[in-house]
Amino acid sequence: MKLLYLDLGMGAAGDMLTAALLELLPDREAFLAELNAIGLPEVSVTAEPSTKCGILGTHVSVKVHGVEEGEHEHSHDHDHDHDQDHDHDHDHDHHHTGLPDVERIISGLRVSETVKRNALAVYGLIAEAESRAHGRPVPEIHFHEVGDMDAIADVTAVCMLMERLAPERVMATPVHVGSGHVRCAHGIMPVPAPATAYILQGVPTYGGGVKGELCTPTGAALLKYFVDAFGDQPVLRVSAIGYGMGKKDFKAANCVRAMLGEAE
């Protein structure tokens, strides 16, 4: 059985997951060329080598109108996701996008119906969580950072990569969410941010000594949607390993590790 196993010991953000899965492909440049041609308005996605704690991996950058968006940086505390705080402190002058805007953009992309369906489902999880966190109906939810084009690029990229890799089963470690507090457009809130906490209900998570937001709402929604089970790595004959790096530096390597292989 073809199995994908994700190590989330430093959480996950959309860009980190994109980079980790990208490293599993034999021809990364071809995939990036395809991603940049699907019709995301004014978006360009690039990948460059990144080293964390001596480990070489890949960092994915999403530029909108030639500028790298904060969401991806999340400051990282983690990247978009890790760039984590970034998820939350998008500047007030950023355009805030609603679910109908996101649905219109995704529906118009030159991708398969499966990718569109999966991307819209991931956004549905985010919208529902934001709705619960803010006590407002889904139609009124605006995705501050996660609605912007860079987040749409992350979600779409991960959905495309999952279609390309086609694992029969996806497993992951419990999710390290970080600790402390994070700044957002509304003020200071606890880690994990309320929307992230709602998305991860039912998923094994833990905090710890790392101060900062290690799992962003986008990363959480992608994990909730694609991961079939959380727990120890099963016996796995690994054929490819990918390291997706966040922006920030911590004592531990700030990365998502993805392993693809055959399981019993």
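Model, not experiment: these values are computed from the prediction. (Residues numbered from 1 in each chain as written. Predicted model: local features only at pLDDT ≥ 70, side-chain atom pairs only at ≥ 80, totals over all residues. Heavy atoms only, no water.)

1. Some thoughts on the nonpolar core
Formed by 67 residues in total, the largest nonpolar core has its most connected members in Leu-4, Leu-6, Leu-21, Leu-40 and Tyr-123. A total of 12 residues in this core trace back to one element, the largest contributor, which is helix H7 (residues 149-165). Every residue in contact with Leu-6, bar those within four places of it in the chain, is listed here: Leu-17, Leu-21, Val-170, Met-171, Ala-172, Thr-173, Leu-223, Val-227, Arg-257 and Ala-258. If you look at the next biggest cluster of nonpolar residues, it comprises 7 residues, including Tyr-5, Ala-229, Met-259 and Ala-263. (Core = buried A, V, L, I, M, F, W, Y, C linked by side-chain atoms within 4.5 Å. Buried < 20%, exposed > 50% of the residue type's maximum accessible area, 1.4 Å probe, protein only. Helix = DSSP H or I, 4+ residues; strand = E, 2+ residues; numbered from the N terminus. Contact = heavy atoms within 4.5 Å.)

2. A closer look at helix H9 (residues 217-226)
Across the 10 residues that make up H9, a large majority, 8, are buried. Where H9 is concerned, the buried positions are Pro-217, Thr-218, Gly-219, Ala-220, Ala-221, Leu-222, Leu-223 and Phe-226.

3. As for the packing of helix H2 (residues 28-35) against H7
For the pair H2 and H7, the least separation of the axes is 11 Å and the interaxial angle reads 130°. Relative to H7, H2 is oriented oblique. Our pair here, H2 against H7, has a crossing hand that is right-handed. Contacts between H2 and H7 pair Phe-31, Glu-34 and Leu-35 from the former with Ala-157, Met-160, Leu-161 and Arg-164 from the latter. (Axes fitted to C-alpha atoms, helices over the stretch in contact; angles between N-to-C directions. Parallel < 35°, antiparallel > 145°, perpendicular 65-115°, else oblique. Left-handed = near helix turned anticlockwise from the far one by under 90°.)

4. Digging into the pattern of salt bridges
Here the structure, examined in full by the defined rule, presents 8 salt bridges. In this structure, the salt-bridge partner of Lys-247 is Glu-68, at a minimum N-O distance of 3.0 Å. In this pair, Lys-247 is assigned in the loop between strand E14 (236-245) and strand E15 (255-263) and Glu-68 in strand E4 (residues 67-68), connecting sequence segments 179 residues apart. (Salt bridge = Lys/Arg side-chain N within 4 Å of Asp/Glu carboxyl O.)

5. A closer look at the packing of aromatic side chains
Counted under the stated rule, the structure contains 1 aromatic pair. Seen in terms of ring centroids, Tyr-225 and Phe-226 are 5.0 Å apart; in terms of plane orientation they differ by 85°. Their pairing is edge-to-face. (Phe/Tyr/Trp six-rings, centres within 6.5 Å; stacked < 30°, edge-to-face > 60°.)

6. Brief notes about the confidence of the model for the protein chain
Here the protein chain averages 88 in pLDDT, while 88% of its residues score no lower than 70. Of the regions scoring below 50 in pLDDT, residues 71-94 engages in 168 contacts with residues more than four places distant in sequence or in other chains. (pLDDT = per-residue confidence, 0-100.)

7. Quick notes on the side chain of Thr-58
You can see Thr-58 is positioned in strand E3 (residues 55-64). What makes Thr-58 buried here is its relative accessible area of 6%. A distance of 2.7 Å separates the side chain of Thr-58 from the side chain of Glu-23, its partner in a polar contact. Once residues lying within four places of it in the same chain are set aside, the contact partners of Thr-58 are Ala-19, Glu-23, Arg-28, Ala-47, Glu-48, Ser-50, Tyr-243, Gly-244 and Met-245. (Polar contact = N/O pair within 3.5 Å; in protein donor to acceptor, adjacent residues only side chain to side chain.)

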